[in-house]
Amino acid sequence: LFVSPKSLQGNFNKEMKDFMTDHSVVESRILEMNYTKFAEIVRGIDRLEETMKMEEGAKKDRRLSKIPSDFWKDPENPSKGGLYKDSTEYFKDKFAICFFDEVNEALTGTKRKAISDLRHPRKVLLTASVMESDPLDLYRLVAVAKGADFSKEKERAFMERFGNVI
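Every chain is numbered independently, its residues counted from 1 as its sequence is written. Restriction of local features to residues with pLDDT of at least 70 applies here, the model being predicted, together with a cutoff of 80 or more for giving and counting side-chain atom pairs; totals for whole chains, interfaces and linings are based on all residues. As a rule here, side-chain values cover all heavy atoms of the structure and leave hydrogens and water aside.

Q: Please provide a residue-by-residue account of the sheet that holds strand β3 (residues 98–100), values included.
A: Strands pair, by our definition, only if DSSP identifies at least two bridges between them. Each helix is a run of H or I in the DSSP string that is no shorter than four residues. Each strand is a run of E no shorter than two, and both are numbered from the N terminus. Read from one edge to the other, the open sheet built from four strands follows the order β2-β1-β3-β4, with strand pairing classed as parallel. If you trace the sheet from one side to the other, it starts and ends with β2 (32–34) and β4 (123–125), each paired once. In this sheet, neighbouring strand axes are inclined to one another by 20 degrees on average, regardless of whether the strands run parallel or antiparallel. For strand β1 (residues 2–4) and β3, the ladder comprises two bridges, and the chain directions are parallel. Bridge pairing in β3 links F2 to F99. Every axis in this analysis is a line fitted to C-alpha atoms, fitted for helices over the stretch in contact. Angles between the N-to-C directions lie between 0 and 180 degrees.

Here it is, written out as structure tokens:
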């Protein structure tokens, strides 16, 4: 799996094809998606129980539509449930490795939460610059990689330990 900002989606497959003679390998083994879609899938799967309790209607249908068809026991009948207990189990089964490109652009809101909540054993975060403005950028990347919860108290403790004001 290769997740990137919407503006860069498709670049990885194009670049890989420059190195590969058999383009079908790239097309059949690599799935690219943007951060918004990734977050929608993770959130959709992880709050499935809540969604299934909702009354029938547009909101429930919209939520269910965000979940890939290969998640379901019966894609035609989501009420039969999913094949996986959560998004981590789903992504671990479907993808040997998950790359997150330009991850510094996804360190807020639901995108950050989705990456952090994914407990994949091979989660690779890619960025051109670990620290863009201050040492907290490094803390945030490590927290996302490890799946740690964000809090102002934890950020403050990190800065007190590792930050030096000059």
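Continuing now.
Q: Provide a residue-level description of the nonpolar core, including the pertinent values.
A: As used here, the term nonpolar core means buried Ala, Val, Leu, Ile, Met, Phe, Trp, Tyr and Cys residues forming a set that is joined through side-chain atoms within 4.5 Å. Here's how the labels work: a residue is buried when its accessible area is under 20% of the maximum for its type, exposed when over 50%, partly exposed in between, all with a 1.4 Å probe on protein chains only. L1, F38, F71, F91, F100 and I115 are the most contacted members of the largest nonpolar core, which has 28 residues in total. Where this core is concerned, the elements lending two or more residues are α3 (35–46), α6 (87–94), β3, α7 (109–117) and α8 (136–146). Top element by residues in this core is α3. It accounts for six residues. In what follows, a contact means two residues having at least one pair of non-hydrogen atoms within 4.5 Å. Sequence-distant contacts of F38, defined by excluding residues within four places in its chain, comprise L1, V3, M33, F91, F100, A114, I115 and L118.

Q: Quick one: what's the story with α6, residue by residue and with numbers?
A: All of the buried residues along α6 are S87, T88, Y90 and F91. Taken around the axis of α6, the buried residues stretch over an arc of 160 degrees, which confines them to a single face. Buried residues along α6 sit against α3 and α7. At the N-terminal boundary of α6, the capping side chain belongs to D86, with an oxygen 3.2 Å from the backbone nitrogen of T88. Regarding the arc, it is the one traced by the directions from the helix axis to the C-beta atoms. Two N or O atoms count as a polar contact when they lie within 3.5 Å, although within protein this holds only if one can serve as hydrogen donor and the other as acceptor, and sequence-adjacent residues are included solely when both atoms are side-chain atoms.

Q: Let's hear about unusual backbone geometry: which residues, and what values?
A: With glycine set apart, most residues show a phi of negative sign, and most peptide bonds adopt trans. A positive phi is found at E102, a non-glycine position, where the angle reads about 45 degrees. Along the chain, E102 falls in the loop between β3 and α7. The partly exposed category is assigned to E102, whose relative accessible area is 21%.

Q: Explain the side chain of H120 to me, and be specific about the residues and the numbers.
A: Its place among the elements puts H120 in the loop between α7 and β4. Here H120 falls in the buried class, since its relative accessible area comes to 6%. H120 has contacts with T88, F91, K92, F95, A96, I97 and C98, leaving out every residue within four places of it along the chain.

Q: Now, about the packing of aromatic side chains: what can you tell me, with residues and values included?
A: Two numbers describe a pair of aromatic rings. These are the distance of the centres and the angle of the planes. In this scheme Phe, Tyr and Trp rings, the latter by its six-membered ring, pair at centre separations within 6.5 Å, and the angle between planes marks the pair as stacked below 30 degrees, edge-to-face above 60, and tilted otherwise. Under the defined criterion, the tally for this structure stands at 12 aromatic pairs. Note on F71 and Y90: the rings are 6.2 Å apart at their centroids and 65 degrees apart in plane angle, and the pair reads as edge-to-face. Highlighted residues: F71 in the loop between α5 (58–65) and α6 and Y90 in helix α6, separated in sequence by 19 residues. On the basis of relative accessibility, which here comes to 1%, the residue F71 falls in the buried class. Put simply, the rings of Y35, F38, F71, W72, Y84, Y90, F91, F95 and F100 touch in pairs and so form one group of aromatic residues.

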